[in-house]
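Chain by chain, the residues:
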Amino acid sequence: MDPLSSLSLAGTTIQFVQFIGSLLSNTRRIYNSATGLSSESELLETIYGKLSTFSSELSATSETAPETQPAATSEEPPQARRSSNDASIAELARICKEDCDNLIGILEKVKNKNSPALAPKWWKSFQSALLEVTKWDEIKDIKARIEKTQTQMVFYLCLASSEKLEGIVGQLAALKANTLVQQRTFQYDEILRTVQQVQRKVDTIRLESDINGPLSSNDVETLTSKVSELSLKSQKCAWEDGILRSLNYEQRPARHDSIPKAYRATFEWVFKAGASQGRLLDWFAKGDDVFWVSGKPGSGKSTLIKFLAGNRRTIAALKRWGGEKRVAIASHYFWGAGTSIQRSQEGLLRSLLYDILSQASELIPQVCPSRWADVARSGRVSSTWTLHDLSRALLAAAKQPQLPIRFCIFIDGLDEYKGDHAKLCQLLLELGKCAAVKLCVSSRPWNDFLQNFAHLPKLHVHDLTQEDIRYYSEDELCKHPRWRIVENHCRNGKSLVDEITSRAHGVFLWVFLVIRQLRDGLTNYDSGNDLWKRIDAIPSDLEQFFKQILGSVEPFYHDKMAETLLIAAAGKEPLHGAIYSFHDMSFDDKYYAIREPVVPWNLKEFLEFMEPFSRRLSSRTKGLLEINTLERVEFLHRTVRDFLRTSDMMTFLAHKARPRFDPNLAIFQGYICWIKHANFLSAAEGLFFRSSGSHLTSALEEALSYASDSDDYKNPFDSLVHDLIDELEFSVQKMFKSGQASFAGTDTVQRTQNVFSKCVLRSGLGDYPMKKMAKMPGYLDDLEVPPLSLILRVDDKRKATDSVEWSARRINLLRALLEKKHDPNQIYRSPFSGIQTTAWCEYVRQLVPYPALEGDVLPIDYPSGPFLEAVSKGVFSTLLEFGADPNGLVEDDASCPEPLPVWAKFFLSCFSSPELSRHDDIYLRNLEAMMSRADLEAVTGYMQPLGWWIVGERSASVISRGIGVPVTFRTATWDILRCFLRQVVKRSLDFPTLQFYANVIRIFLRTAVQPTLPVAQIRPILHGALPLGLSTYILDGIDMVSDAAVGGVRAADVSSGGLKRSLAGEGESDLTTTRKRIMRISEIIDPAGD
């Protein structure tokens, strides 16, 4: 029994014994009817009802009580004492239940003997009433047991209260230790203070009961209700914390922490009134919507955003905007050189939701109702958030009508977002419309941002930092002990600072690098003239400056400089410094990674190995690469990364490096050594290894991804990479045998055999697994999931959309498995979602997500790149070729009322991803292959409204018109196409795009035309919405007209390519005429307007 149930049972028992005790000792009259009833008397039926209620409550709370155990002693552990105390409380409750039932039986006899229908009657006391049907000795025994039970139960009530309070303190202490938000800490401290007050009350009750006798009913009620209330608050905090942790991610604060703090006394102009400087201050106090901070690369935009988001004066200014409501700040910092989530819409939404709900946790049940219900019911929190979930929750939080708090959101680095910048701007502008939210965003002045933000209040950082640059330059030079000496023996030092300020053009990064060189010169005893010469020699252009810096590296280190920079440029995210340190070993031994022993290092050994690295990095890159707080190597600034990745610099560095140097191979070798020396024990992080999952599988997949990208792996005549992979697999087996790696709660031997082959398949190493399968036919046997799900990357919580590059090797491996009779339609239970699915259906589910069919959702930028690549590289073609079922049902998230077949999602994708028109031949072939096998007679109640929503019919009535109205897929698809054709004139599509959609319509009609879709209806719709040549092409293609009389154009060649040739030079002139006729034709299409 948990302490709260035990407490409730004890409280109920005490209330019962108090009630019975008062009845047996009271001299109040008892009546069998309301006749003659006064304030000093009691109704027999009321007593009977109260006893019945007590009987039910005692029965309900004690049914699950443990069996009686010996009394606990103070020497026993808390859990043992708690179990024993629970048993004692349950036993006392059982005795009271028996007495209660006994009294109910006695009262039954009294009631039967003295029916109020016969005559009203009264007794001078409860005991007198009982003595009519029972003996005095029985009443005396009940009275004695009640008195004894009351004394004992007070003790156990206090004990149960203390135990529950102790549990609450422990729970809150754990939550407090893991929270990163000050507001949450305040909440926990407030509850803990109340716990201390209640505990003092418990101690007082225990002491007074020994002196003054039994508790009052008020004391019992107050104590049990207070403890229960605290328990519920503590549990609520735990549920809130679980949902917040599901939103948080390891890399969330990484970019913020890596941005340098604003130099003291800089950016002060923000908080000063003025024509330009005061714009932001005015917006803080009175503005709404979005404020745009723009600036040149390296001008200090990120530093400014960090400065504003963490400054108390910002909050002070925002309070005027907030009025009587509390004001708080939420933020996100995009980072193009970071992990995938740091440059994604998912990362943005999770960061903002985490910040908002951390500071206004009372909103969680309202903005995440289904998750709140789940955690309240099961105690478990789902860690999976879809973009739809995140978007809906964030907008719900921003639109709460009674929101007690207003939020200013800071978002840095919009240009580092990896996605559609225009859609990102739409999301931010939509969010800015919410009255409780406003946003301050920063980016470079790119076209998408200019187009969307030019009309907004804004500032250009590089135009406002001249005095900051002057102050920084002078202050940093003055800090050097030789500056005053040099200043007295050369031209005016102020002139040098003026020169730096003038040439900077607002680019703080350039100033930082210049000052660093001048301070080095001062350390080397440069004269004043020498400093001027240094200034004159420094290019004003950042890229030229970077080249000059690299040119200053000692020639002896050029090969190591080049390879270090190439490794940094090749990294998918910032790499740990250990990768670079291990790479240094390759200068002495090409096969060092194979010869390195499998030996776990302790922290001391690792630190000794890494000790020289920071100095080596400085000497080779002159500060263009830095080590962050996580011991990972990052570029000094994004402009450095962009510079190094230019074709000229890649050629320059390749020439400086050793012949045939391959940075991906170098990273892979470094990973092998890293893994060999790390500890990967169950439920623990590996020593000095921090990846997205902090487990061996994550390390292996990261390592093998670089093996797959290496030039040597692409060369079938070079076996070094294969040898390295073999060595890594052998090392993993050895690590499991020695205990250096383990998996908790599973068959370690079986996992050892499977873990590596799973990572190999997920990494898309085409040649290697095929070679292993040739030697070992059972290489892929006994995997927990079908091998196809691993290649398609749908086997765990990570998505198929997470950076899967469909190389020729991955495609060949997919084909090889399909040729070996691996079935894409094989049903299996997903290990992370628990639903039955197939690799094919799960792939489509993740790659082609449903859009949000509701108004209260922010614009979602579903990553279309992976889907387009899968289409263009032939993934769908290959799966369909080997029998993938287009009618397989795709189970999407809980917000979707019914599953849709694969073909339907693929069909709808052409409207949500118009970029498919760039790959029209492949997409159309896939669509035709699916439609030819589609079951169009099945019924659906969801495809119509979903399709209408996707093609642009965004009215609120869309949802109510379609859901729950079953129609065939044939009818639903045609209705969607009709709706699309109505939208054509509004969307002003270009002619090539219209050609693409004409082919989509033609494929459907060729497959689906039946008497239910009459020619008389189709012809005017097509002629009214499309240029004449396109409509005639569609109708000719399905043999519905024998002569293209309308317009005199006949599509002799019905192929997609033939259409393009026959209509070259035609089409654009048709568009204007078509748009003028569309309103009249739309009445023919849908006279009812729906």
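Residues numbered from 1 in each chain as written. Predicted model: local features only at pLDDT ≥ 70, side-chain atom pairs only at ≥ 80, totals over all residues. Heavy atoms only, no water.

As recorded in an unreviewed UniProt entry, the protein chain goes by NACHT domain-containing protein and comes from Apodospora peruviana.

Caption draft 1: Up close: the packing of helix α21 (residues 508–523) against helix α22 (residues 528–537). Their axes nearest at 10 Å, the elements α21 and α22 cross at an angle of 150°. Taken together, α21 and α22 sit at an angle that is classed as roughly antiparallel. As for how α21 packs across α22, the hand of that crossing is right-handed. Here Val514, Gln517, Leu518, Gly521 and Leu522 of α21 lie close against α22, whose contacting residues are Leu531, Arg534 and Ile535. The residue makeup of the contact of α21 with α22, split by class, is 5 nonpolar, 2 polar and 1 charged. (Axes fitted to C-alpha atoms, helices over the stretch in contact; angles between N-to-C directions. Helix = DSSP H or I, 4+ residues; strand = E, 2+ residues; numbered from the N terminus. Parallel < 35°, antiparallel > 145°, perpendicular 65-115°, else oblique. Left-handed = near helix turned anticlockwise from the far one by under 90°. Contact = heavy atoms within 4.5 Å. Nonpolar A, V, L, I, M, F, W, Y, C, P; charged D, E, K, R; others polar.)

Caption draft 2: Looking closely at the pattern of salt bridges. For the structure on display, the rule yields 38 salt bridges. In this structure, the salt-bridge partner of glutamate 268 is arginine 313, at a minimum N-O distance of 2.7 Å. Of this pair, glutamate 268 sits in the loop between α8 (254–258) and α9 (279–286) while arginine 313 is found in helix α11 (residues 312–322), placing the two residues 45 residues apart along the sequence. On the accessibility criterion, glutamate 268 (25% relative accessible area) is partly exposed. With a relative accessible area of 36%, arginine 313 lands in the partly exposed category. Measuring nitrogen to oxygen at the nearest pair gives 3.2 Å for the salt bridge that ties arginine 978 to aspartate 975. Here arginine 978 pairs with aspartate 975, and both are found in helix α46 (residues 969–987), just 3 residues apart, close to one helical turn. Aspartate 975 carries the same exposure label as arginine 978, and that label is buried. Beyond isolated ion pairs, a larger network of salt bridges with shared partners links Asp415, Arg444, Arg638, Arg641 and Asp642. (Salt bridge = Lys/Arg side-chain N within 4 Å of Asp/Glu carboxyl O. Buried < 20%, exposed > 50% of the residue type's maximum accessible area, 1.4 Å probe, protein only.)

Caption draft 3: Spatial organisation of the sheet that holds strand β4 (residues 290–294). Reading across from one edge, β5-β6-β7-β4-β8 is the order of the 5 strands in this open sheet, with parallel pairing throughout. Unpaired on one side and paired on the other, β5 (326–333) and β8 (458–460) mark the two borders of the sheet. This sheet shows a mean twist of 15° between the axes of neighbouring strands, independent of strand direction. Here 3 bridges tie β4 to β8, and the two strands are oriented parallel to one another. Following the sheet pairing, tryptophan 292 is matched in β8 by lysine 458. Most of the contacts of helix α10 (residues 301–309) go to strand β6 (residues 405–412), to which it runs at about 160°, and overall it touches β4, β5, β6 and β7 (437–443). Along the sheet face, helix α12 (residues 345–359) touches β5 and β6 and points at about 155° away from the line of β5. (Pairing = 2+ DSSP bridges.)

Caption draft 4: Fine view of the sheet that holds strand β11 (residues 632–635). Here 3 strands make up an open sheet; going across it, the order is β9-β11-β10 and the pairing antiparallel. The sheet terminates laterally at β9 (575–576) and β10 (625–627), the two strands that pair on one side only. Judged from the 3 bridges that link them, β10 and β11 form a sheet pairing that is antiparallel. Following the sheet pairing, glutamate 626 is matched in β11 by glutamate 634.

Caption draft 5: Structural view of the pairing of β4. The element β4 is extensively covered by neighbouring structure, given that 5 of its 5 residues are classed as buried. Because side chains alternate across β4, one face comprises the buried residues Val290, Trp292 and Ser294, and the other comprises Phe291 and Val293, equally buried.

Caption draft 6: Quick look at the pairing of β5. The buried count for β5 comes to 7 of 8 residues, which makes it a mostly enclosed element. Here β5 pairs with β6 via 8 bridges, running parallel. When the bridges of β6 are listed, arginine 326 appears paired with isoleucine 405.

Caption draft 7: Looking closely at α10. Judged by how many residues are buried, α10 sits mostly within the fold: 9 of 9 residues are covered. For α10, the full list of buried residues reads Lys301, Ser302, Thr303, Leu304, Ile305, Lys306, Phe307, Leu308 and Ala309.

Caption draft 8: View of unusual backbone geometry. Phi at alanine 265 takes a positive value of approximately 70°, unusual for a residue other than glycine. Note on placement: alanine 265 falls in the loop between α8 and α9. Overall, the relative accessible area of 45% leaves alanine 265 in the partly exposed class. Positive phi is not limited to glycine here, since histidine 505 has a value of about 55°. Given a relative accessible area of 48%, histidine 505 falls into the partly exposed group.

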